[in-house]
Amino acid sequence: MRDLFRGFGAVFFKEVLHVRRDPATLFFSLFIPLLQMVVLGFGIDTNIRQVNTVVYNADGRQESRELLDRLRNSDTFHVIRYVENDRELNDEIISGRARAGIKIPADYSDRLLHGMSAQVLVLIDGSDSSVAGQAINVTTAIGLDESLRRALPNGENFAVDMRPKLLFNPDSRSPNFFLPGLMSILLLNVTTFLTAFAIVREKEQGTLEQLFVTPVKPYGLLLGKLLPYFFIGFFELCAIVFFMRFIFLVPIHGNLPLLAFLSLPYLFVSLSLGILISSKAGTQAQAVQLAFLPILPSVFFSGYIFPRETMPWIFHALSYLVPASYFVNIARGIILRGAGLRHLWSDALVLFVMGTFLLVVAARRFQNKVITT
Amino acid sequence: MAESGPSLAKTAVLAEHLVRKFGDFTAVADVSFRVEAGEIFGFLGPNGSGKTTVIKMLTGLLPLTAGGAWVEGLDVRTDSERVRERIGYMSQKFSLYDDLTVTENLQFYGRIYGLDAARMQRRMDEIVHLNGLKPYLERRAAQLSGGWKQRLALGCAMLHEPKLLFMDEPTAGIDPVARRELWDLLFELSGQGITFFVTTHYMDEAERCNHVAYIYYGKIIADGTPAELKQLPEVRPKGAKRIEITTPEVTRALRLLRKIPGVRSATIFGESIHALVDEDFSAEHVRKRLQSEGMPVTEIRGLTPSLEDVFMELTYRRQAEREAAGA
């Protein structure tokens, strides 16, 4: 058994020396993800507010001004301009200066006063579906509310009163939702890139050929290379969680040691993936390109941005192959929902199996000596 | 097929009918040789002739297509793990970690071979003393010159006290002084009973080996001590002798010389021409002939063939045979 990992200690010591000799690489690999986190954490707000809006109020009387006040107070619309005709209304939207246009016809107040149905035209730029959806919801709700208010006698309650209650993220704060997912992506990047160079560098230097003529065993070599970066990845995880908690004030509902523990299999997968990339690549430039490959699927199919359940079935199926899917669930589960080991053990197990599989594939390449030197 | 033959005790490397094919291409075709313990064995041949492939087979990096090989008495087909523990290997590139110091490079290889602390210290001291690395211990490998990198690479390869060292072009790209010093070191180690299996393109290095083999298109075409090879009938045909003609105008002289009857072959060596001529060939005759064409002749003297002559001659013959067979 000990023989299977022969050379592990020697390779581990050597890799630690490599890392220590190159503090700049270490610094940037730790610092840049934190920088990205700060930029994205402050910059991205998935709640839609203050949509630029242009208004053509052809009526201009009391009733129409009240309606506009209600729209403005919704926080969804931000009126940037009042125009005087249809052409200008259209121009503002076509030019992209406004995302929404509201036209109140000249007979709005008259029709309301006569108990007739008054129409309000809401033009919405549909090119961004989330903005459009929000605008439709808010205007519909305000219209409905306005109608009910007029239809019901004063002081009477609605027949059915829906009272939604948001669990886990009551203020719908974006960072709370966004950062646990971002953590998965950032960790993947750091670890995959760090190990992607680990073997290809030895290929370029010719030292790998030398190692093949020594009694080093594939698992000794690979795990020896992997372990130093495991510690670095874990340190990075702690730094990210620290930023999340104390800079973005994301409350952590679950158990922090559990998060640390369940991140280990995820780090293991990412590092093994890097090692596999490194064994496939012939040059460091190729390794960089290959290391970019897993990023996009991890961003788009892991549930980090788009919910996995609403994807077409083929992509939903594909998302089960993306390690980040499992860690996004673990991170959100512990941080937002306060989930425990009994909710998340299966995700961790899948990650561990994936990591082992990737490592075995990489090791087999060494056993068969198919690595071109 | 375990341990072959009783004489294996003194044999460091035994190759019997080695064959290696890559698809349809035969890189090594039926190669056999024997390296005795304590020899400096020079394995020579043009680029692409199969030298590195043979080394890779002997060190267990490449499986054999056919044939057998025994290194330090172990069958490389079944025992490559143990073979690796007993041999040292220095590849064409100096396989050092540039960002590690001399000490750290040595320690790394020591740990790889599982040396305990006491043995590591003893071997480090011995190697540092032998290779003269003492002043550079804390220097990074990247900052060493070619010759010192060489010595460090050699040190790394022999830290675990192998009895046999494979060196694939150890002196490619280093300066002549460093080359000379490395060879002095090899002789010293060889005196302590270590066997060296060395490939090189330098003929002066080949001349210093105890035993050389020349591989050409995957076949061994010469095998013996340098002195034996120079006596080969192909190199020294009956009724012929070698002469060296020194003249400032070697190119013109060569053209003329090749037309003179009795001259069998002629090649330029710097300022002089080496020619194989009939035994009764008159040097005076040539001198007069060249001078009459306006080419001053500094010296004409008899020549024992160099190893280079031997390999050139053998290569030409094989080339001619190959062409004849192809035509």
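Whatever comes next refers back to the structure up there.
All values reported here derive from a predicted model rather than from experimental measurement.

> Looking at this structure, I do not really get the interface of chain B and chain A. What am I missing?
It is common to report an interface's size as the accessible area lost on association of the parts. Listed by partner, the interface residues are 17 residues for chain B and 19 residues for chain A. The dominant element in the side of chain B that touches chain A, judged by the number of residues it contributes, is helix α3 (residues 102-112) of chain B, at 4 residues. Considered class by class, the residues forming the side of chain B that touches chain A number 7 nonpolar, 3 polar and 7 charged.

> Hey, could you run me through the nonpolar core in this one?
Generally speaking, nonpolar side chains in soluble globular proteins are found buried as a group. Counting residues in hydrophobic clusters, the biggest one holds 148 residues, and the most contacted among them are V71(B), L165(B) and F197(B). For this core, the element with the most residues is helix α7 (residues 174-205) of chain A, which contributes 16 residues. When neighbours within four sequence positions are excluded, L165(B) is seen to be in contact with I87(B), G88(B), M90(B), A157(B), M158(B), I194(B), F196(B) and F197(B). Ranked by size, the runner-up nonpolar core spans 17 residues in total, among them L67(A), L89(A), A118(A) and I124(A).

> Before we go on, may I ask you to explain the sheet that holds strand β4 (residues 121-124) of chain A in this structure?
Residues and elements named next belong to chain A. Strand order in the open sheet made by the 4 strands is β2-β1-β3-β4, with mixed pairing throughout. Taken across any chain shown, the strands that pair with only one partner, and hence form the sheet edges, are β2 (77-83) and β4. Sheet twist, expressed as the average angle between the axes of neighbouring strands with direction ignored, equals 25°. Sheet analysis places strand β1 (residues 51-57) next to β2, joined by 6 bridges and oriented parallel. Note that in β2 the partner of V51 across the bridge is F77.

> Is there a simple way to explain helix α9 (residues 218-246) of chain A in this structure?
Since the α-helix advances by 3.6 residues per turn, residues separated by three or four positions end up pointing in the same direction. The end-to-end C-alpha distance of α9(A), which contains 29 residues, comes to 42 Å, matching closely the 42 Å that a straight helix rising 1.5 Å per residue would cover. Of all bends in α9(A), the biggest is about 25°, found at L227(A), and the proline P228(A) comes one to four residues later.

> Can you help me understand the sheet that holds strand β4 (residues 66-71) of chain B in this one?
The strands that make up a sheet are held in pairs by hydrogen bonds between backbone atoms, and each pair lies either parallel or antiparallel. Residue and element names in this part refer to chain B. With antiparallel pairing, the 4 strands of this open sheet are ordered in space as β2-β1-β4-β5. Here the strands that pair on one side only, and so sit at the sheet edges, are β2 (25-36) and β5 (74-75). By the bridge criterion, 8 bridges tie strand β1 (residues 11-22) to β2 in an arrangement that is antiparallel. Directly across from L18, in β2, lies its bridge partner V31. Docked against the sheet, helix α1 (residues 51-58) engages β1, β2 and β4, running at close to 115° with respect to β1.

Cut-off values and rules
Residues numbered from 1 in each chain as written. Chains lettered and ligands numbered in written order. Predicted model: local features only at pLDDT ≥ 70, side-chain atom pairs only at ≥ 80, totals over all residues. Contact = placed C-beta atoms within 7 Å. Helix = DSSP H or I, 4+ residues; strand = E, 2+ residues; numbered from the N terminus. Nonpolar A, V, L, I, M, F, W, Y, C, P; charged D, E, K, R; others polar. Core = buried A, V, L, I, M, F, W, Y, C linked by C-beta atoms within 7 Å. Buried ≥ 20, exposed ≤ 12 C-beta atoms within 10 Å, placed from the backbone. Pairing = 2+ DSSP bridges. Axes fitted to C-alpha atoms, helices over the stretch in contact; angles between N-to-C directions. Expected span 1.5 Å × (residues − 1). Bend = angle between axes of the 7 residues up to and from the residue.

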